[in-house]
Amino acid sequence: MTQIKSFVFNPFSENTYVLYDETGEAVIIDPGCYEQREKDALAGFIEQNNLKPVKLLNTHAHIDHVLGNAFVKRKYGIDLYLHESDLPVLKAVAVLAPNYGMAAYEEAEVDHFLEAGQTITFGNTELEIRFVPGHAPGHLAFVNHANRFVIGGDVLFRGSIGRTDFPLSDFETLARSIRTQFYTLPDDYTVYPGHMGTTTIGQEKKTNPFIRP
Ligand SMILES: [Zn+2]
Ligand SMILES: [Zn+2]
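The rules behind each value
Note that residues are indexed from 1 along each chain, following the sequence as it is written. Chain A is the first chain written and ligand 1 is the first ligand written, with later ones labelled in order. At least 70 in pLDDT is required for a residue's local features to be given in this predicted model, at least 80 for side-chain atom pairs to be given and counted, and no such filter applies to totals for whole chains, interfaces and linings, which use all residues. Only hydrogens and water are set aside when side-chain values are computed; all heavy atoms of the structure are taken into account. Only N, O and S atoms count as donors, using a 2.8 Å limit from the metal and a wider 3.2 Å limit for Na, K and Ca, and since water is excluded some coordination spheres may look unfilled. Geometry assignment treats four donors as tetrahedral when all angles are between 85 and 135 degrees, treats four as square planar and six as octahedral when opposite donors are over 155 degrees apart and all others between 65 and 115, and treats everything else as irregular. Any Phe, Tyr or Trp ring, taking Trp's six-membered ring, that has another such ring centre within 6.5 Å forms a pair; planes under 30 degrees apart are called stacked, those over 60 apart edge-to-face, and the others tilted. The secondary structure listing takes helices from DSSP runs of H or I that are at least 4 residues long and strands from runs of E that are at least 2 residues long, numbered from the N terminus. Consider the ring centre and the ring normal. A charge sits over the ring if Lys NZ or Arg CZ is within 6 Å of that centre and within 35 degrees of that normal. Angles run from 0 to 180 degrees between N-to-C directions of axes, and those axes are lines fitted to C-alpha atoms, restricted for helices to the stretch in contact. When the near helix sits turned anticlockwise from the far one by under a right angle, the crossing is termed left-handed; a clockwise turn instead gives a right-handed crossing. Any two residues having at least one pair of non-hydrogen atoms within 4.5 Å are treated as being in contact. Should DSSP find at least two bridges between two strands, the strands are regarded as paired.

A. Representation of the coordination of the zinc ion (ligand 1). Within the protein, His60 (NE2), His62 (ND1), His135 (NE2) and Asp154 (OD) serve as the donor atoms for the zinc ion (ligand 1), at 2.1 to 2.4 Å. Every donor counted, the four donor atoms about the zinc ion (ligand 1) form angles of 86 to 174° at the centre, which fits irregular coordination. Site description for the zinc ion (ligand 1): donor spacing in sequence, H-x1-H-x72-H-x18-D.

Here it is, written out as structure tokens:
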């Protein structure tokens, strides 16, 4: 059984996720830790539960989702995975970070590019890679069919959707991603988004005011 631990980090209230299973292997998704106490919280959880992180995944490369990339890569010696189309987004963070008062941000090098249809594995767990651009040009979602959940990043929120007023964002593209990659999943799948609490596919298909099925 795959377990999900979530943290809320940085001034953007971003959700950082640690996924792990009975083998003790783990992946860290979108580490937003910036302050030392945030890094300590993440590392403390991993240590207390005797977890072995084996991969670092980013749903997309907006600043709030990548602040802890360098810390995680260095601490655990693991590779960073991202969609190639989000590289310009990642590169822009180094320029933008000081404007957000985050001059200590360190860019981490991407080791592997992910694409739609690939599978990420750790322990006994599999994550299907879905390509869901619109909020960001290379946005990915990670779907676990065995435990019926999606790590969705900033695509579909409880009663809301990802912003599309960023330079590389596009509303029609986001709407298509939600309709073809999220709303086609079974209703009972739980969505773990990049901000705020969880929801389900069925709940959003029924009530989301922005994107109707
Ligand atoms: Zn974002
Ligand atoms: Zn975000």
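B. Representation of the packing of aromatic side chains in the model. A complete count under the given rule lists six aromatic pairs for this structure. Their ring planes at 75° and their centres at 5.5 Å tell us that Phe12 and Tyr100 sit as a pair that is edge-to-face. Highlighted residues: Phe12 in the loop between β1 (3-9) and β2 (14-20) and Tyr100 in the loop between α4 (87-96) and β6 (112-113), separated in sequence by 88 residues. An aromatic cluster is present here, built from Phe7, Phe9, Tyr20 and Phe45 joined pairwise through their rings. When the ring centre of Phe7 is taken as reference, the NZ or CZ atom of Lys5 above it lies at 5.2 Å.

C. Quick peek at the packing of helix α1 (residues 36-48) against helix α3 (residues 69-76). Where α1 contacts α3, the two axes come as close as 11 Å, and the packing angle between them is 35°. Here α1 and α3 pass one another in a crossing that is right-handed. Together, Lys39, Leu42, Ala43 and Ile46 of α1 and Phe71, Val72, Lys75 and Tyr76 of α3 make up the contact between the two elements.

D. Representation of the sheet that holds β6. If you walk across this open sheet you meet the six strands as β1-β2-β3-β4-β5-β6, and the pairing is mixed. Bordering the open sheet on either side are β1 and β6, each of which pairs with just one other strand.

So far we have only geometry, and geometry alone does not tell us how the molecule works.
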